[in-house]
Amino acid sequence: MPRRLALPTRTVRWRFTVMYGGAFLASAVALLVITNLIGSGSRFSEIVPPGSPPGRPTLAAAQDLVGRLQAQLAETQTAQSRRLLIGSAVALAVMAVLSVVLGRIVAGRALRPLRTITAATRRISADNLHQRLAVPGPADEVKDLADTIDGLLERLEGSFAAQRRFVANASHELRTPLATMRASLDVAIAKPEPVPAQTIALADRIRTELDQVDRLLEGFLMLARTQHGALSDRAAISLGRVVAAALDARAADIADKNLTVHHGDVHDDAWTRGSRTLLSRMVDNVIDNAVVHNHDDGWIRVAAAADGATARLVVETGGRVLDQEQLARLAQPFQRLGADRTGSDNGSGLGLSIVAAVAEAHGGSLDLRARPEGGLQVAISLPLAAVKAGVPA
């Protein structure tokens, strides 16, 4: 059958046309019914004026009777028109309200699929791009919109996956030339003949830069792994024990800066479930950030405890007053507060971005707050895991 002769499909426009046309038609019918009911109550029967003379009236009496009948008929028609006008106005007002209510209900039912699509789209983020709307129904505008969004999500998922694979592969491939360069430096310095002092100083500087690049590549790998959602080694982990291990591992750095560490609020009830490797790296980055970006003779306050259904880790440091608006940038890769921040030139700019990615991959969040009296507060919230007497349930 030619397309111009095909029956109309059940599109959104067609459904709106039918529903609103039916609503207005029903309103018009109801208005006519109410008007007829009001008009039918005002009908009057044969009118005979009082005092009509019996028998055959004379011409004068007949003219007088006709005049009275015409006056009474005009009065009755005026009263009937007034009642009909008032009734029509009341009926019109009632039907106007009913039409608005009915139109709102009909529009809500017609737009319900769009609200469903909107709510489902809002729930999809970079961590669950594999989800699709998969809206059922006829091939109409709503179905086309849902399929278009599904196609967009599929393309975004492919782009994100390709980007993460590229970062991971590039980081792996760059490790080989770095190792070769480091070995070449060691061979050059280890020659039996005397090596000039300038060459030794240059080799030490290059080795320091190579170590920095190696840490940067390691951060890339960790960030790509976290964003890819590879959490194969999930287990119940105590944040308090991970914090204690991180502080012990950095005892020498803490002593070099003569930092005072307050960790009396670290409890063993802050358990969460996830990757031990990633969570340990998350805590290490937070402690490293507190040590590196701190002044000599400064302080660090660490707290880890259960807070309702959340395992919460809070690390605070002193220092100058920071700008709260600029702190939000620290959770993004390669973002710093500026060169005037202590130790800001020694990091790769991936520390807190890895922390945010690990927390988000475990269903948690990272919150950065500028302390009013100066310094930074780093708070990590993770879902609390069930344990019994210090043993995972």
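Residues numbered from 1 in each chain as written. Predicted model: local features only at pLDDT ≥ 70, side-chain atom pairs only at ≥ 80, totals over all residues. Heavy atoms only, no water.

*Asks:* Talk me through the overall build of the chain; I want residue IDs and the actual numbers.
*Replies:* A tally of regular secondary structure across the chain gives 9 helices and 9 strands. Taking all 393 residues of the chain together, 30% fall into the buried category. Sequence-distant contacts in the chain: of pairs separated by 6 or more residues, those separated by 24 or more amount to 71%. Per element, the accessible surface of the chain, about 24,100 Å² overall, is 60% carbon and sulfur. (Helix = DSSP H or I, 4+ residues; strand = E, 2+ residues; numbered from the N terminus. Buried < 20%, exposed > 50% of the residue type's maximum accessible area, 1.4 Å probe, protein only. Contact = heavy atoms within 4.5 Å. Areas by Shrake-Rupley, 256 points an atom, 1.4 Å probe, with all protein chains shown as cover.)

*Asks:* I'd like a description of the side chain of Arg371, backed by residues and values.
*Replies:* Relative to the helices and strands, Arg371 is located in the loop between β6 (365-370) and β7 (376-383). For Arg371, a relative accessible area of 11% corresponds to the buried category. At a separation of 2.8 Å, a polar atom in the side chain of Arg371 contacts the main-chain carbonyl oxygen of Gly374. Setting aside anything within four residues of it in sequence, one finds Arg371 in contact with Trp299, Arg301, Glu316, Thr317, Leu376 and Gln377. (Polar contact = N/O pair within 3.5 Å; in protein donor to acceptor, adjacent residues only side chain to side chain.)

*Asks:* Could you give me a rundown of the pairing of β7, with the residues and numbers involved?
*Replies:* In terms of residue burial, β7 counts as a mostly covered element, since 7 of its 8 residues are buried. Here strand β5 (residues 310-317) runs beside β7; their pairing, made up of 8 bridges, is antiparallel. Note on β7: the bridge partner recorded for Arg312 is Ser381. Strand direction decides the pairing type here: β6 and β7, joined by 6 bridges, are antiparallel. Each bridged residue has a counterpart across the sheet, and for Asp367 the counterpart in β7 is Ala379. Linkage of β6 to β7, two consecutive antiparallel strands, is achieved through a turn of 5 residues, within which Gly374 is found at a positive phi near 115°. (Pairing = 2+ DSSP bridges.)

*Asks:* How would you explain the UniProt feature "transmembrane region" (unreviewed entry) in the chain if you had to name every residue and give the values?
*Replies:* UniProt's feature table lists "transmembrane region" (unreviewed entry) at residues 12-34 and 84-107, given in the numbering used throughout. Within residues 84-107, the helical portion is 100% and the strand portion 0%, while the C-alpha atoms at the span's ends are 33 Å from each other. (UniProt positions renumbered as here; feature names shortened; annotations may be inferred.)

*Asks:* So what about a nonpolar patch on the surface? Which residues, and what values?
*Replies:* On the surface, Ile86, Val90, Val94 and Leu98 cluster together to form a nonpolar patch covering roughly 350 Å² of accessible area. Mapped onto the secondary structure, Val94 falls in helix α2 (residues 59-123). (Patch = residues over 30% accessible without salt bridge, like charges linked within 9 Å, V, L, I, M, F, W, Y side chains within 5 Å. Salt bridge = Lys/Arg side-chain N within 4 Å of Asp/Glu carboxyl O.)

*Asks:* Describe helix α9 (residues 351-361), with residues and values.
*Replies:* Within α9, 8 of the 11 residues are buried, leaving the element largely enclosed by the surrounding structure. Of the residues trailing α9, Gly363 is marked for its positive phi of about 80°.

*Asks:* Tell me what's going on with the confidence of the model for the chain, and back it up with residues and numbers.
*Replies:* Averaged over all residues, the pLDDT of the chain equals 77, while 79% of them reach at least 70. Segment residues 44-48 is flagged for pLDDT under 50; beyond a separation of four residues in sequence, or across chains, it makes 5 contacts in the model. (pLDDT = per-residue confidence, 0-100.)

*Asks:* Got a sec to walk through the sheet that holds β7? Specific residues and values, please.
*Replies:* Taken together, 5 strands build an open sheet; the order of strands is β2-β4-β5-β7-β6 and the sheet is mixed. The strands lining the two open edges of the sheet, one partner per strand, are β2 (260-266) and β6. Taken over all neighbouring pairs, the strand axes of this sheet differ in orientation by 15° on average, direction set aside. As paired elements, β2 and strand β4 (residues 299-307) share 5 bridges and run parallel to each other. Bridging from a neighbouring strand, His262 pairs with Arg301 of β4. Each of β2, β4, β5 and β7 touches helix α5 (residues 239-249); the most contacted strand, β2, lies at about 165° to it. Helix α7 (residues 276-292) contacts β4, β5 and β7 of the sheet and is inclined by roughly 170° relative to β7. (Axes fitted to C-alpha atoms, helices over the stretch in contact; angles between N-to-C directions.)

*Asks:* Could you give an account of unusual backbone geometry, naming the residues involved and the relevant values?
*Replies:* Even without being a glycine, Asn258 presents a positive backbone phi close to 55°. Its place among the elements puts Asn258 in the loop between α6 (251-256) and β2. Not every positive phi belongs to a glycine, and Asp297 is a case in point at roughly 65°. Tracing the backbone shows Asp297 in the loop between α7 and β4. Among the residues examined, Asp297 registers a relative accessible area of 57% and is labelled exposed.

*Asks:* Pulling in residues and values, what's your account of the nonpolar core?
*Replies:* Ranked by size, the top nonpolar core spans 38 residues in total, and within it Met282, Val283, Ile287, Leu313, Val315 and Ile380 carry the most contacts. Within the residue set of this core, elements represented by two or more residues are α5, α7, β4, β5, α9, β6 and β7. Here this core takes 8 residues from α7, the largest share from any one element. Formed by 10 residues, the second largest nonpolar core is a distinct cluster that contains Ala120, Leu129, Leu133 and Ala146. (Core = buried A, V, L, I, M, F, W, Y, C linked by side-chain atoms within 4.5 Å.)

*Asks:* Pulling in residues and values, what's your account of the pattern of salt bridges?
*Replies:* A complete count under the given rule lists 12 salt bridges for this structure. Linking Arg301 and Glu316 is a salt bridge whose minimum nitrogen-to-oxygen distance equals 3.1 Å. A residue pair is termed long-range when its members are at least 10 positions apart, and Arg301 in strand β4 and Glu316 in strand β5 qualify at 15 residues. The class for Arg301 is partly exposed, based on a relative accessible area of 32%.

*Asks:* Break down the pairing of β5 for me, citing the residues and quoting the values.
*Replies:* For β5, the buried fraction is high: 6 of the 8 residues fall into the buried class. Alignment of β4 against β5, held across 8 bridges, turns out to be antiparallel. When the sheet's bridge partners are listed, Ala306 is paired in β5 with Ala311. Hairpin remark: β4 followed by β5, antiparallel, with 2 residues in the connecting loop; positive phi at Gly308, about 70°.

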